[in-house]
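Structural features, examined
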Amino acid sequence: MTLVSGTHDAHGATYRDRGGRQVVDHYGKPERVGGAVRKVVGAIEMGYGVLAVAGADRVEFVDNAVSNRVPAEDGQGVYALLLDPQGGIETDMYVYNAGERLLVFLPPERTDSIAEDWSEKVFIQDVEIDDVSDEFGVFGVHGPKSTEKIASVLGGPGAPEKPISFVRGSMVDAGVTVIATDSPLGEEGYEVICAADDAEEVFDTLLTRGLNAAPFGYRTWDALSAEAGTPLFEYELAGTVPNVLGLRNALDFEKGCYVGQEVVSRVENQGRPSRRLVGLALDSLVDAVAEVDGDADPEGYDAVLPTPGAAVFAGDEAVGEVTRAAVGPASGDPIALALVGFDADLDRATVRVDGDEVAATRTDLPFVDGSARSARLPAYPSD
């Protein structure tokens, strides 16, 4: 459940389920709000699951499980993946060293299964794993003015500068932790963590004190991250080998063994994977999108855009599928991310929409240049 439903309701929120957790879908006018995030700053309540890993062997235990190196220093974090034996992504996560424990932020639908799996793998090690999702409020602050926003309300240290590092301070009377993000929306960004009891006050502070921030929901998050070229767990990552996504910031090729590492290393040594993530501009749908009043009916775009899994063709040959499509908040034009054959010739690309093939144009990612570049932008060895 959301911790700040009163504030959300006051702004006219519509909700949706995200992995068993209630989050804001939109407040109305999600495209216009996305434009505000691109131009100034916005704030969103994040729908994470959170695990606490304590004990003397906590860093070694988690480091042996994930694809990236877990930091040993308080105040530092890392973006990492948990893979299956075939190299497919079981979940992505952020792992933060919070002194006497690690805090692991991951998709809410993966929290129970990961906690159970890790608990079963603790033998003689000094490791304790707890689900602490209900103990925290987590809010994202994104946009070119996000640093100014944080500075206007954060008491104590200045905003952290290094991506996925954090500082501790206060907002009004609440203790907070402020994390510098890896720019998933293609803008400067932070996450603000507080005790659940302080969530309402902290969110109100982020919206209305100092520099005002526009509240936005996950419909806008999905569109902004698509513009930024950021693959997300629920659309692109789940079950995919990370090399296919060019997700190099989540991989440490020098660290010791973890499940799935052999597959990842083998694909890396081949020079390129069999598929890749690309951007598609859906110019042929511009008129259809323009006929939808997205302010009055944000869901109206869903009937116009290709759905996840929609086939992508190069001429008469099916070469891949759309992972998600959106109306870009920056341009107002329809865009899509797609997984296609690595060598697919997309000069005459089409996408199947409601039984018809509509023209699509291969576009370099990101679709727009913001105040920062997403650390998850696809990067392939042969590019």
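Residues numbered from 1 in each chain as written. Predicted model: local features only at pLDDT ≥ 70, side-chain atom pairs only at ≥ 80, totals over all residues. Heavy atoms only, no water.

Going by what an unreviewed UniProt entry lists, the protein is known as Aminomethyltransferase family protein and is assigned to Halorubrum laminariae.

1. Notes on the pairing of strand E11 (residues 174-180)
With respect to burial, E11 is a largely interior element, 5 of its 7 residues being buried. In terms of strand pairing, strand E10 (residues 166-171) meets E11 through 6 bridges, oriented antiparallel. For Met171, the partnering residue across the bridge sits in E11 and is Ala174. The antiparallel hairpin formed by E10 and E11 contains 2 residues in its connecting segment, where Val172 sits at a positive phi of about 55°. In terms of strand pairing, E11 meets strand E12 (residues 189-195) through 5 bridges, oriented antiparallel. (Buried < 20%, exposed > 50% of the residue type's maximum accessible area, 1.4 Å probe, protein only. Helix = DSSP H or I, 4+ residues; strand = E, 2+ residues; numbered from the N terminus. Pairing = 2+ DSSP bridges.)

2. Comments concerning helix H9 (residues 261-269)
Restricting attention to buried positions, one finds in H9 the residues Gln261, Val263, Val264, Val267 and Glu268. Projection of H9 onto a plane perpendicular to its axis shows the buried side chains occupying an angular sector of 165°, all on one side. In this structure, H9 carries Glu262 and Asn269 as exposed residues pointing more than 90 degrees from its buried face. Tucked into the core, H9 has its buried residues touching strand E5 (77-83). Positive phi appears at Gly271, one or two residues downstream of H9, with a value of about 95°. (Arc of directions from axis to C-beta. Contact = heavy atoms within 4.5 Å.)

3. Brief notes about the packing of aromatic side chains
If you walk through the whole model with that rule in mind, you get 9 aromatic pairs. Aromatic pair Tyr96 and Phe166: ring centres 6.2 Å apart, planes at 80°, arrangement edge-to-face. In this pair, Tyr96 sits in strand E6 (residues 89-97) while Phe166 sits in strand E10, placing the two residues 70 residues apart along the sequence. Across the pair, exposure class does not vary: Tyr96 and Phe166 are buried alike. Linked through ring pairs, Tyr48, Tyr79, Tyr94, Tyr96, Phe105 and Phe166 together constitute an aromatic cluster. In this structure, Arg276 is placed above the aromatic ring of Phe342, and the distance from its NZ or CZ to the ring centre is 4.2 Å. The ring of Tyr380 carries Arg276 above its face, with NZ or CZ at 4.7 Å from the centroid. (Phe/Tyr/Trp six-rings, centres within 6.5 Å; stacked < 30°, edge-to-face > 60°. Lys NZ or Arg CZ within 6 Å of the ring centre and 35° of its normal.)

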